[in-house]
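# Summary of the model geometry
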Amino acid sequence: MPESTLAKKFGYSEKVMDHFKNPRNVGIMENPDITSKVGSVACGDLIKLYLKFDPDKDQIKDIRFESYGCAANIATSSMMTEMVKGKTIDEARKVTFKDISETLGGLPRIKLHCAVLSRQGLETAFLKYEAKRGRVKIDEGFVNKILRGVLDPIQGVDIISAKILESATVEGGKKISLGLNAKTDSELAKSLREDIRDAFEDLGIELDLKFKE
Amino acid sequence: MDNAETTKLDPVVFDCMKDFMVDKYGVPAGEFGYGLEEEAGEAIEQAREKIARRINASPEEIIFTSGGMESNNIAILGTARSNYNKGKRILTSKIEHRSILRVADILAAQGFEKVLLDVDREGFVNPANVKANVADARLVSVQHANQEIGTLQDVGGIGRIARENGVLFHCDAVQSFAKEKLDVQAMKVDLLSMSSHLIHGPKGVGALYVRDGVKLEPVLYGDDREKGLRPGTPNVAGIVGFAKAVELMTDEDAVRMRELRDELTKSLLAISDSRLNGPRGERRLCNNVNVSFRFVEGEAVLMHLDLRGLVVNTGSACYSQKLEASHVIRAIGGTLEESHSSTRLSLSKWTTGQDVAYATETVKQVVEVLRAHSPLARRASQGR
């Protein structure tokens, strides 16, 4: 295989290209304890993580990822899974997006958000895991944190910052109702429906999404 | 296969340029040229004639520029600053090249009214829509062939409407010039932009057709060369090479490219969950293929293809330095996903059936590799 001239143009390091060409821990996992999906199709930048834990030690026994995104998306997810596999939640939380980028030999500035996304996917997974174990209450605060991982496809920022989320109520930790500022038949609503449903996957929650007529 | 970005210089073109770079290094000096100057002057006039003939224009109606972008700027700014009529509206389409849209933005900030015409799902501007908006326009600017999806506009239909309404009509023909038939008389074009480097000519040279009688205000000021519209020392070797490249691009080349284009399109569409962007057949540029592959992102596709020695282009936001998705795919009503995965392959006169087969096989492989790890592909296959 010839070396990539495109990689040079983009400023991708050898390590980035290595993880892009041979991603570690890639592909679906059977029976994960928790999944998390962050990013969006519309942004062209999305990852889904699968995690298995040792419940006694809160240790990441296994972690895998799937990707829809650019070379940096694939490489950062791959590197992140390598860096946190076998760590406890507390240890893994100390890995920052900068650590991921640095271990990859640096990322082009416009691709740093990929490292942020993979790190955010991990945080979301931990939060869902804690909620599933009953250590975190499923309340408005929880919902807010989860929705920080759902992006407005047009602006590329989370739907809370983009002021798309208008209201959020939680009933008994089981039912979540969200008011969303998007027309019910729009492309935006279609993308949000899917992304929000995935965001709360594995928690046994009933979702009620209200869009504008 | 990225010949819509640029092409490789034809060695025959280079040969005839060399002379004008090394030995015949003069520049035309005007009326009293002799020796080297005369040689250069003659060469330029011969080139002018060849290019004029290709679009059914007179040699006096051709001015040489530094390329398509400069031609576009001279045409649009030159019209806006002229007194052609009092119209304040610049009418163009949503899928024009950035150099047109950018100039239109600048003019809008200076008090002109910018109107961007919609296009249909295949990228066509409806001439009726031009008619509805042409009143009060200073200029209509619609391209011949689209740079991403190859749509060939009904230039004649649009030209007729502009002419009937006393509005100047500029056509950006950078992608199609010398590949597709162009007749400025029949198509009622007033201004036409052309470029050399997309037809195996040298870079840094292009031309603008300015219909006899159309008076533009210059964008650059200096001497009276190129009717004062493009002053400065002419790029003699470049101009000579440009004309040679035009001469070497034949109808047979276009026919062969069209056949290979259709072959490539057919085999790429055999990949599941793919969609052709732009029209088919005679109304599509002869060397353009653009397909979106669902569930994969274009930059990753490009990177994998590049590792396998195949260079293509994509409308993905991740590939653009501004992280913006293709304005063309969005304008034809494509989803953001379709723009992120749009993959453009553009042929050259040297592309062979073997190249097409290799491209097909490689693209197929890469799409499979990426889909194997795409949560979207998995979900779609589970849903079936």
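Residues numbered from 1 in each chain as written. Chains lettered and ligands numbered in written order. Predicted model: local features only at pLDDT ≥ 70, side-chain atom pairs only at ≥ 80, totals over all residues. Heavy atoms only, no water.

## Remarks on the overall build of chain B
This is how the line gets drawn: Every helix listed is a DSSP run of H or I at least four residues long, and every strand listed is a run of E at least two residues long, numbered separately from the N terminus. Both definitions apply: the radius of gyration is a C-alpha atom measure, and the globule rule equals 2.2 Å times residues to the power 0.38. Partly exposed residues are those whose accessible area sits between 20% and 50% of the maximum for their type, while under 20% is buried and over 50% is exposed, using a 1.4 Å probe and protein chains only. In short, Shrake-Rupley with a 1.4 Å probe defines the accessible areas, and a residue's cover is counted only from the protein chains shown. By the counting rule applied here, Lys and Arg register as positive and Asp and Glu as negative, while His and the ends of each chain are not counted. Think of each charge as sitting on NZ of Lys, CZ of Arg, CG of Asp or CD of Glu.
A count of helices and strands for chain B gives 13 helices and 11 strands. By the compact-globule yardstick of 21 Å for 384 residues, chain B fits well, its C-alpha radius of gyration being 22 Å. With the C-alpha coordinates of chain B rotated into their principal frame, the extents come out at 75 × 50 × 35 Å. Burial analysis of chain B (384 residues in total) assigns 60% to the buried set. Put simply, chain B shows about 15600 Å² of open surface, and 50% of that area lies on carbon and sulfur atoms. For chain B, the separation between the mean place of its 49 positive charges and that of its 53 negative charges on side chains is 6 Å.

## Quick notes on unusual backbone geometry
Excluding glycine, most residues fall at negative phi; most peptide bonds, likewise, are trans. Residue and element names in this part refer to chain B. Of note in this structure, Ala178 is not a glycine but carries a positive phi near 75°. Looking at the element boundaries, Ala178 is found in the loop between strand E5 (168-172) and strand E6 (191-195). If you check the backbone angles, Glu226 has positive phi at about 50° while not being a glycine. Mapped onto the elements of the fold, Glu226 is located in the loop between strand E7 (206-210) and helix H7 (236-248).

## As for the sheet that holds strand E3 (residues 113-117) of chain B
Residue and element names in this part refer to chain B. Basically, it comes down to this: By the convention used here, strands pair only if DSSP detects at least 2 bridges between them. Helix axes are fitted to C-alpha atoms over the stretch in contact, other axes to C-alpha atoms as well, and angles between N-to-C directions run from 0 to 180 degrees. Whether two residues are in contact is decided by their heavy atoms: any pair within 4.5 Å suffices.
Read from one edge of the open sheet, 7 strands run E1-E7-E6-E5-E4-E2-E3, paired in mixed fashion. Strands at the two margins of the open sheet, each flanked by one partner only, are strand E1 (62-65) and E3. Neighbour-to-neighbour, the strand axes of the sheet open up by a mean angle of 20°, direction not taken into account. With respect to the sheet, helix H6 (residues 155-164) is in contact with strand E4 (137-141) and E5, its orientation differing from that of E5 by roughly 160°.

## What to know about a nonpolar patch on the surface
Residue and element names in this part refer to chain B. In plain terms, the rule: Here, patches come from residues exposed beyond 30% relative accessible area and free of salt bridges, joined within 9 Å for like charges and within 5 Å for nonpolar side chains (Val, Leu, Ile, Met, Phe, Trp, Tyr). When a carboxyl oxygen of Asp or Glu is within 4 Å of a side-chain nitrogen of Lys or Arg, the pair counts as a salt bridge.
Together, Leu9, Phe14, Met21 and Val22 make up an exposed nonpolar region whose accessible area comes to about 360 Å². Summarising the element assignment, Leu9 is placed in the segment before helix H1 (11-22). Overall, the relative accessible area of 30% leaves Leu9 in the partly exposed class.

## Structural notes on the nonpolar core
Rules: We define the nonpolar core as a collection of buried residues of types Ala, Val, Leu, Ile, Met, Phe, Trp, Tyr and Cys that are connected through side-chain atoms lying within 4.5 Å of one another.
If you look at the biggest cluster of nonpolar residues, it comprises 94 residues, and the most contacted ones within it are Tyr12, Leu51, Leu147 and Phe200 of chain A. Broken down by element, the residue count for this core peaks at 9 residues, all from helix H6 (residues 112-132) of chain A. Excluding its chain neighbours within four sequence positions, the residues that come into contact with Tyr12 of chain A are Ala7, Met17, Cys70, Ala71, Ala72, Pro108 and Lys111 of chain A together with Glu299 and Met303 of chain B. Counting 61 residues, the second-largest nonpolar core is a separate cluster that includes Val130, Val142, Val236 and Val240 of chain B.

## Re the packing of H1 of chain B against H7 of chain B
The relative placement of two packed helices comes down to the angle between their axes together with the axis-to-axis distance. Residue and element names in this part refer to chain B. Heads up, the rule is: Roughly parallel covers angles under 35 degrees, roughly antiparallel covers those over 145, roughly perpendicular covers 65 to 115, and oblique covers all other angles. By definition, any crossing whose near helix is turned counterclockwise from its far helix by less than a right angle is left-handed, and any crossing with a clockwise turn is right-handed. Three residue categories are used. Nonpolar comprises Ala, Val, Leu, Ile, Met, Phe, Trp, Tyr, Cys and Pro, charged comprises Asp, Glu, Lys and Arg, and polar comprises the others, including Gly.
As a packed pair, H1 and H7 sit with axes 8 Å apart at the nearest point and diverge in direction by 155°. The angle between H1 and H7 places the two elements in the roughly antiparallel class. The handedness of the crossing between H1 and H7 is right-handed. Along its contact with H1, which presents Val12, Val13, Cys16, Met17, Phe20 and Met21, the element H7 presents Val236, Ala237, Gly238, Val240, Gly241, Lys244, Ala245 and Leu248. Of the residues that constitute the contact of H1 with H7, the class distribution is 11 nonpolar, 2 polar and 1 charged.

## Side note on the packing of aromatic side chains
Worth spelling out the cut-off: Any Phe, Tyr or Trp ring, taking Trp's six-membered ring, that has another such ring centre within 6.5 Å forms a pair; planes under 30 degrees apart are called stacked, those over 60 apart edge-to-face, and the others tilted. In this scheme, the term charge over a ring applies when either NZ of a lysine or CZ of an arginine sits within 6 Å of the ring centre and within 35 degrees of the ring normal.
In total, this model carries 5 aromatic pairs over all chains according to the counting rule given. Considering the side-chain rings of Phe10 of chain A and Tyr12 of chain A, the 5.4 Å spacing of their centres and the 10° angle between planes classify their relative orientation as stacked. Each member of the pair, Phe10 of chain A together with Tyr12 of chain A, is buried. Look at Phe64 of chain B and Phe242 of chain B: their rings are 6.4 Å apart centre to centre, the planes differ by 75°, and that puts the pair in the edge-to-face class. Of this pair, Phe64 of chain B sits in strand E1 while Phe242 of chain B sits in helix H7; the two residues are 178 residues apart in sequence, bridging distant segments of the chain. Its relative accessible area of 4% is what places Phe64 of chain B among the buried residues. Across the ring face of Phe112 of chain B, the terminal group of Lys88 of chain B is positioned such that the distance to the ring centre comes to 4.5 Å. The ring centre of Phe124 of chain B lies 4.0 Å from the NZ or CZ of Arg283 of chain B, which sits over that ring.

## A short note on the pairing of strand E2 (residues 45-54) of chain A
All names here are of chain A. Judged by how many residues are buried, E2 sits mostly within the fold: 9 of 10 residues are covered. Inspection of the sheet shows strand E1 (residues 34-40) paired to E2 by 7 bridges, in the antiparallel sense. Counterpart to Ser36 in the pairing with E2 is Leu49. Linking two consecutive strands that pair antiparallel, namely E1 and E2, is a turn of 4 residues; a positive phi of about 75° is found at Gly44 within it. Pairing of E2 with strand E3 (residues 59-68), which is carried by 9 bridges, proceeds in the antiparallel orientation. Bridge assignment links Asp54 to a residue of E3, and that residue is Gln59.

## A short note on the confidence of the model for chain B
Our working definition: Across the chain, each position has a pLDDT score giving the predictor's confidence in that residue, from 0 to 100.
Per-residue confidence for chain B averages 94 on the pLDDT scale, and 98% of its residues sit at or above 70. The ipTM assigned to the predicted complex is 0.86, against a pTM of 0.91.

## What about the pattern of salt bridges?
Residues and elements named next belong to chain A. Scanning all chains against the criterion turns up 43 salt bridges over all chains. Residue Asp18 is joined to Arg24 by a salt bridge in which the shortest nitrogen-to-oxygen separation is 2.8 Å. Residue class for Arg24 comes out partly exposed when judged on its relative accessible area of 24%. The shortest N-O distance in the salt bridge between Glu130 and Arg93 comes to 3.5 Å. Placement of Glu130 in helix H6 and of Arg93 in helix H4 (residues 89-93) is noted, with a sequence separation of 37 residues between them. With a relative accessible area of 30%, Arg93 lands in the partly exposed category. Three or more residues joined by partner-sharing salt bridges are found here, namely Asp58, Arg93, Arg119, Glu123, Glu130, Arg133 and Arg135.

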